[in-house]
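# Coordinate inspection notes
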Amino acid sequence: MKRSLFLTLVLVVVLALIAACGGAAPTPESAPAEKAESAAPTESAAEAPAEAPAAEAVTIVMWTKEGEADGGLQYNQALAEAFMQENPNITVEVVKKKDVEELREDFQTAALAGNAPDLLWTVNDHAGPFTAAELIQPVDDLFDLSVYVEGALEAVQLDGKTWGVPISSGNHLMLLYNKKLIPEAPANTDELIAKGKELAAQGVIPLVFNQTEPFWLVPWLGGFGGKVFAEDGVTPTLNTPEMVNTLKFLYDLKYEAQIIPPESDYDGSDTLFKEGKAAMIINGDWSLSSYVEALGDDLGVAPIPQVSATGKMPAPYTAGTYFMIPAGIEGPKLEAIKSFIQFVTNEENQIKQVKELKRLPALKAAFDDEAITSDPILKGSVAQMAVGTGMPAVLEMRCNWDAMKPELQAVLADQKTPEQAAADMQAAAETCIKTLE
Amino acid sequence: MSTNPAAPVQKFTPAPARSRFARFFRASRGDSPFKRLLIHLTLILACVIAVYPVLRVVSVSLRPGDRLLSTSLAIIPPDATLDNYLTVLLEKDFLLWVWNSLLVTVATALIGVALASTAAYAFSRWRFRGRTAGLIFLLSTQMIPAAMLMVPLFILAVRLNLVGTYRGLVLAYSVTSIPFSIWILKGYYDTIPIDLEEAALIDGANRLEAFWRIVLPLSTPALAIVFLFNFMTAWNDYLLARVFVANATSIWTWPLGLQLLQGQFTTAWGQFAAASIMVMMPVVALFLYSTRYLISGLTIGSVKG
Amino acid sequence: MEKLTLDVILASLSEVGSTVLFILVGVVVLEAVLYLLFGVVFKNKYTLPILLLAPAVVGLTLLIIYPLLWEFNLSLTNMSLRRFGDKAQYTWVACQSADPGTIQNWLTDCLLRNYADVFRLPVLKQVYFFPVFGRTILWTVINVVFHVAGGLGLAILLNRPMRGRGLYRTLLILPWAIPQVIAALAWRGEFHYEYGFLNIFLTRLGLTPISWMSDPTWNFIAMCIVNIWLGIPFMMVILLGGLQSISQEYYEAAEIDGAGAWQQFRSITLPLLQPVMTPAIILGTIWTFNNFNIPFFINQNELETSDILVTALFRAAFQYNRYGFSAAFAFVIFIILLVYAVVYIKTVRIEGIYE
């Protein structure tokens, strides 16, 4: 008796529910809701269709590495807005990823699941992993690449193809100094150490830089005449006298000359320099706009000082920021992407980028603009870039970075001799390259 | 099998000497003033340790400019300003992110509690085959490193068309929090004497009614705990949200939104700290409100005494 | 980007509402079918528990068991960055030699090669499995011991009527209420050589500041400090509840018998707290063992000497792209924890499971 009652009750409830939500079931109800949401960001586009009804509506989802702190993301969004004004049928959705690493990880995951974005705004060394996994397409046939700076193009060339369109060139380290504390930049390392000791005696920290990343090691390695790869571009050459000398030099800066702080990461160096407690910093072109803001006319820019022992200039890696187009994008979407890329890299926008972000352009033509030629900061940046070398984009470079990082830290923490560290770097890099297969 | 947890498990051995500090290790009224002072001092020190790092975040949020680091130990900087809070509130979509988080989190917690409360009842009151294995399986899901399920869950979400929707997030969060909830609730149900339900059954109620009218109301503290835990998990999640709704900026939750403030090398620390303080508020409020449940609900709940 | 407008609120509410409705309808239909099947057709005596369990089981199967199986399949493959994508160029690991010989060789060289590799190749760049495992155990033991000791100490102090008790309790819970990622980022700044308050204190006391970020030992200690700070409130709350449920009478009786404080603690407090403490310790151990945020974010310099198993797993999978290998690695971690939990449960015999 009770049981059948319960059953009837359940059935009645089920039927009532089905009847009640039959019309308002999830799909029909949520579909308009989604539309309403996606309509909001495209208002500018939505007004226009009446004028250009022929053009097919295309949405481009672009992932970017830029953040808000240095204005990069705002610049991205402003470009997208301006482009959508001109092309009402195209919607560009800018999606910010937390950092370069996360952009790479998530792009791989998304591609694996078949849900990749349509365009990437990222750095050159992603070309290595993305081409290995066949996730992006070459751009040689899509664009006239001869208008771009060669140094920037080289950094995304692999297997004879170009895998990205440069947006800016540079991304290189340089020496920035506070003219209040040190009127002129040292020309070579002997001068650097001598002046550094004077500054230290006055209670000023002479030089700061991110001591944890090998990106800050590589310029000096160039200054001592070394390279991370052999001629073939994929065999690591880390256990060399040049590397040992470089590590010794950095060790001496810290423990002999004592002109760099005992421990210093990116944020720490940055703050010390901004607060005027450190006289010099080695940092990249991405930081220029914030230092101009912090120090104004007291900011000076110079190449990293010549290595006195070899007479060579340190060679920071140069690259830039790039558009990469995922594999499998074609048809109207590819066309839309092409016009967006051309829009971003036209002369007007390239100069705008110079002014807003203090990054050097990727377009050759833009270098003659007075925005660069009349700006001492950017002239310094150009001078440094001239002695830089293109950053390798091959997948093996990842192994080199990972191999160098802990050893650099160990030497600077006085836990390994430079000789031992160099040998361990090489071994680690070789093991790593084996696991790539 | 529903003994009071306070029953003595082991007999103590009486000792001849009686210590002056006898009461130090247990609750007691007549503590001496000196001892009370000592206790208060210890607790104050502990509170300072607990709160100080949070205050440092407050301090960063009040600093003008993007200065994460400062050698000053003062909590309120001399040039304190609320600019960072205003920027985050007015110029960013902070309210949208918090709203999304809140919506997803509340829906998750409710669904999670509903699904777990019934399943836990079955585990508590019936001895079916596979019950032990089931409980161990549930415990073992707590041991799965979160990063391990990220890729397959994402693939699944793409196939089921759940990417970029609230639906996907709500489903994923509520299911992943079920095992822990079942454990807590099952333990709590175990402490409720079965006689109460039997009495109800004799009075003509069926099993479901007994569950609904007797067991559930008695379990309020444990249900509150489970709600709180589900809430916390969903509220703080970044790993899943990062792949599930990355492309749909309109349904970003706050952890995704906050990453806008971070760049490759540069972070807007002041705004980041201000936003952190603001997202902390709802959780702290929830904790404050539920402290009493926390204490009674978890303890008896987690085991059967 | 968009703002929070009324339209957005309504749209999102309707989508979430429809989700809830969708789940509700799904559950009701499922229940009805199962009821007809078991209750009416088979007249199974476990019909009600089956109905009660069904929704959770369906959800868990879909969202936990399926991904687990997927991951297990992946752990048998040679998937890496070079064999990637929807073309599914990866296959089950191929044998290194044409003729594997013995079955054991066949297992370690072919089918289970990824699993064997976990133990015989570096799990990251330079560190091998066992040192990382050892460090993970050290990490877990240190943390859990401090969590329990600290939590118990504070719980005992709080378990008495006194002024300001509510305020103390509230403030002490604070570290638990803070989102872990934010706590980790906040603490990371405090270990800064020049600007962290720890070093500022040390300098003011006239001591040498510590290189928290680059010195492996100190970096590990830094991780522990943060995690201990985060974990004490949970233990404190649980143990406080346990203490409150212990009747005063036991202590009064003990006092009459002349038991000292330490004896009372050992023979009354500890044993009576046992049922509360055991599951808390199990959960605490598992959470600490699997804690990702703290070791990952505090170890900003990515010292391999500070990695514990889960962070190593994350790096192997997402930074070094050894997908097949890291799936096997994940299962090894999973199995270690499972064995621990089963052994612990069997020795301590939590009655909730075995009765």
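Below, the discussion takes up the interface of chain C and chain B. Interfaces are frequently sized by the accessible area removed from exposure as the parts join. Each partner contributes to the interface: chain C provides 124 residues, whereas chain B provides 129 residues. For the pair chain C and chain B, the two sides together bury roughly 11700 Å², of which 77% comes from carbon and sulfur. On inspection of chain C and its partner chain B, the count reaches 2 salt bridges. Between Glu15(C) and Arg167(B) there is a salt bridge, with the nearest N and O atoms lying 3.8 Å from each other.

All right, on to the pairing of strand 1 (residues 58–64) of chain A then. Residue and element names in this part refer to chain A. Within strand 1, 6 of the 7 residues are buried, leaving the element largely enclosed by the surrounding structure. When strand 1 meets strand 2 (residues 90–96), the two strands line up parallel, connected through 7 bridges. Bridging from a neighbouring strand, Trp63 pairs with Val95 of strand 2. Taken together, strand 1, helix 4 (residues 72–86) and strand 2 constitute a β-α-β crossover, and its handedness is right-handed.

All names here are of chain A. Enumeration over the complete set of coordinates arrives at 26 salt bridges over all chains. Here Arg398 and Glu101 are joined by a salt bridge, their closest N and O atoms 3.0 Å apart. Of the two residues, Arg398 sits in helix 17 (residues 395–412) while Glu101 sits in helix 5 (residues 100–112), which places them 297 residues apart along the sequence. Classification of Glu101 by relative accessible area gives partly exposed; the value is 24%. Measuring nitrogen to oxygen at the nearest pair gives 2.9 Å for the salt bridge that ties Glu407 to Lys416.

For the rest of this paragraph, the subject is the sheet that holds strand 10 (residues 278–284) of chain A. Residues and elements named next belong to chain A. Read from one edge to the other, the open sheet built from 4 strands follows the order 9-10-8-11, with strand pairing classed as mixed. Of all the strands in the sheet, just strand 9 (205–208) and strand 11 (299–302) have a single pairing partner and so form its edges. For this sheet the average axis-to-axis angle between neighbouring strands, irrespective of direction, equals 20 degrees. As paired strands, strand 8 (residues 173–178) and strand 11 are joined by 4 bridges and run antiparallel to one another. Paired with Leu176 across the strands is Val301, a residue of strand 11.

Attention now moves to the interface of chain B and chain A. Residue-level contacts link 34 residues of chain B with 37 residues of chain A. Between chain B and chain A lies a buried interface of about 3100 Å² when both sides are counted; carbon and sulfur atoms form 55% of it. Remark: the boundary between chain B and chain A carries 3 salt bridges. Residues Arg242(B) and Asp106(A) are paired through a salt bridge, measuring 2.8 Å at the closest nitrogen-oxygen approach. Our count for the chain B to chain A interface comes out at 4 residue pairs in polar contact (both at pLDDT 80 or more). Only helix 5 (146–159), helix 6 (166–176) and helix 11 (239–244) of chain B provide two or more residues apiece to the side of chain B that touches chain A. Here the element with the most residues in the side of chain B that touches chain A is helix 5 of chain B; it accounts for 4 residues.

Further remarks concern the domain arrangement of chain B. Residues and elements named next belong to chain B. Parsing chain B into structural domains produces domain 1 (29–81) and domain 2 (92–302). For domain 1 versus domain 2, the separation of C-alpha centres amounts to 31 Å. Contacts between the two partners involve 8 residues from domain 1, matched on the other side by 8 residues from domain 2. For the pair domain 1 and domain 2, the two sides together bury roughly 630 Å², of which 80% comes from carbon and sulfur. At the surface where domain 1 touches domain 2, the tally comes to 0 salt bridges. Partitioning the side of domain 1 that touches domain 2 into residue classes produces 5 nonpolar, 2 polar and 1 charged.

How each quantity is defined
Residues numbered from 1 in each chain as written. Chains lettered and ligands numbered in written order. Predicted model: local features only at pLDDT ≥ 70, side-chain atom pairs only at ≥ 80, totals over all residues. Heavy atoms only, no water. Contact = heavy atoms within 4.5 Å. Buried area = accessible area lost by both parts, 1.4 Å probe. Salt bridge = Lys/Arg side-chain N within 4 Å of Asp/Glu carboxyl O. Buried < 20%, exposed > 50% of the residue type's maximum accessible area, 1.4 Å probe, protein only. Helix = DSSP H or I, 4+ residues; strand = E, 2+ residues; numbered from the N terminus. Pairing = 2+ DSSP bridges. Right-handed = clockwise from strand over helix to strand, strands pointing away. Axes fitted to C-alpha atoms, helices over the stretch in contact; angles between N-to-C directions. Polar contact = N/O pair within 3.5 Å; in protein donor to acceptor, adjacent residues only side chain to side chain. Domains from an automatic or database assignment. Nonpolar A, V, L, I, M, F, W, Y, C, P; charged D, E, K, R; others polar.

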